[in-house]
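Chain residues, written in single-letter form:
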Amino acid sequence: MEKIKLEILGLSPSQSQAGSFALVLGEEYGNRRLPIIIGMFEAQAIAIEIEKIQPNRPMTHDLFKSFAKAFNYTVNEIIISDLREGIFFARVHCSSSDGLRETIVDARPSDAIAIALRFSVPIYTYETILSEAGIVSGSQSEPDDAIEEIVQQSKPRSLSEQIKNMSLDELHRILDESLNNEEYEKAAKIRDEIARRN
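Basis of the calculations
- Residues numbered from 1 in each chain as written.
- Predicted model: local features only at pLDDT ≥ 70, side-chain atom pairs only at ≥ 80, totals over all residues.
- Heavy atoms only, no water.
- Helix = DSSP H or I, 4+ residues; strand = E, 2+ residues; numbered from the N terminus.
- Polar contact = N/O pair within 3.5 Å; in protein donor to acceptor, adjacent residues only side chain to side chain.
- Contact = heavy atoms within 4.5 Å.
- Buried < 20%, exposed > 50% of the residue type's maximum accessible area, 1.4 Å probe, protein only.
- Pairing = 2+ DSSP bridges.
- Salt bridge = Lys/Arg side-chain N within 4 Å of Asp/Glu carboxyl O.
- Phe/Tyr/Trp six-rings, centres within 6.5 Å; stacked < 30°, edge-to-face > 60°.
- Lys NZ or Arg CZ within 6 Å of the ring centre and 35° of its normal.
- Axes fitted to C-alpha atoms, helices over the stretch in contact; angles between N-to-C directions.

1. Here's the deal with the side chain of glutamate 77
Summarising the element assignment, glutamate 77 is placed in strand 4 (residues 73-84). Separated by 2.8 Å, the side chains of glutamate 77 and lysine 3 make a polar contact. When near neighbours in sequence (up to four residues on either side) are disregarded, glutamate 77 contacts Lys3, Arg91, Val92, His93, Val121, Pro122 and Tyr124.

Structure below.
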């Protein structure tokens, strides 16, 4: 699959979800935007590195960088690799300093982006992700006050909204999947919807 390079366009508090932030990424040579809702701590980790603020003590992503360097590993790139049920997934592509070993580590996009900033490596996604979740912008650079509007346009339906329209067979199938994947919070919501219908 062809990779599309992204850049960070903005990070702002989400007015629709208290305690969350909107991280807006844009394709390097295009006008599509990829908005991702992230938590407060992840937003702080990204903002600290963007602003080149030196914290008193190393943050988790700084520890990751120190650990990687201690074992002669480096990060080559990160890829926002998947979108399932409104949730983004990412991969951190690493290699040994001698180039003999390569490793791919699964991560949340917010953590992967915080790591990418610390290693000064590119952020990519695939066309399928941008086609499904991207927002087309009228200009190359989005003003700060429009970030929240972009996020609202792309906001995925909540799990509760999604499961209300599913059949009982579908609910039982995704309940089993959730339990197998150890997604217990999701499984509890599905179980509650099944119980509500009985």
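2. Describing the pairing of strand 5 (residues 87-96)
With respect to burial, strand 5 is a largely interior element, seven of its ten residues being buried. Alignment of strand 4 against strand 5, held across ten bridges, turns out to be antiparallel. Pairing of valine 75 across the sheet is with cysteine 94, part of strand 5. Taking the residues that link successive antiparallel strands as the turn, the strand 4-strand 5 hairpin has two residues, and the phi of glutamate 85 there is positive, at about 50°. Here strand 5 runs beside strand 6 (residues 102-107); their pairing, made up of six bridges, is antiparallel. Within the sheet, the bridge partner assigned to cysteine 94 lies in strand 6 and is threonine 103. What sits between the antiparallel neighbours strand 5 and strand 6 is a turn of five residues, in which glycine 99 has the positive phi angle 80°.

3. Some thoughts on the pattern of salt bridges
For the structure shown, the criterion picks out 15 salt bridges. Glutamate 27 is the salt-bridge partner of arginine 32, the closest N and O atoms lying 2.9 Å from each other. A residue is classified by how much of its surface remains accessible, and arginine 32, at 17% relative accessible area, is buried. Since its relative accessible area comes to 10%, glutamate 27 is described here as buried. Sharing partners across several salt bridges, the network here consists of Glu49, Lys52, Asp62 and Arg118.

4. Regarding the packing of aromatic side chains
Summed over the entire model, instances satisfying the criterion amount to two aromatic pairs. Aromatic pair phenylalanine 67 and phenylalanine 71: ring centres 4.9 Å apart, planes at 45°, arrangement tilted. Per residue, the accessibility class of phenylalanine 67 equals that of phenylalanine 71, and both read exposed. Lying across the ring of tyrosine 124, lysine 3 places its NZ or CZ 4.6 Å from the centre. A cation over an aromatic ring shows up here: lysine 65 above the ring of phenylalanine 119, its NZ or CZ 5.8 Å from the ring centre.

5. Some thoughts on the sheet that holds strand 4
Read from one edge to the other, the open sheet built from eight strands follows the order 6-5-4-7-1-2-3-8, with strand pairing classed as mixed. Each of the sheet's edge strands pairs with one partner strand only, and the pair in question is strand 6 and strand 8 (135-136). Bridge count between strand 3 (residues 32-39) and strand 8: two bridges; the pairing is antiparallel. Within strand 8, the position partnered with arginine 32 by the bridge is valine 136. Helix 1 (residues 40-50) contacts strand 1 (3-13), strand 2 (20-27) and strand 3 of the sheet and is inclined by roughly 120° relative to strand 3.

6. Structural notes on the environment of alanine 45
The residue alanine 45 is located in helix 1 in this model. Given the relative accessible area of 1%, alanine 45 is considered buried. For the pair alanine 45 and serine 110, spaced 65 residues apart in the sequence, the C-alpha separation amounts to 8.8 Å. Residues contacting alanine 45, with those up to four places away along its chain left out, are Met59, His61, Ala114 and Arg118.

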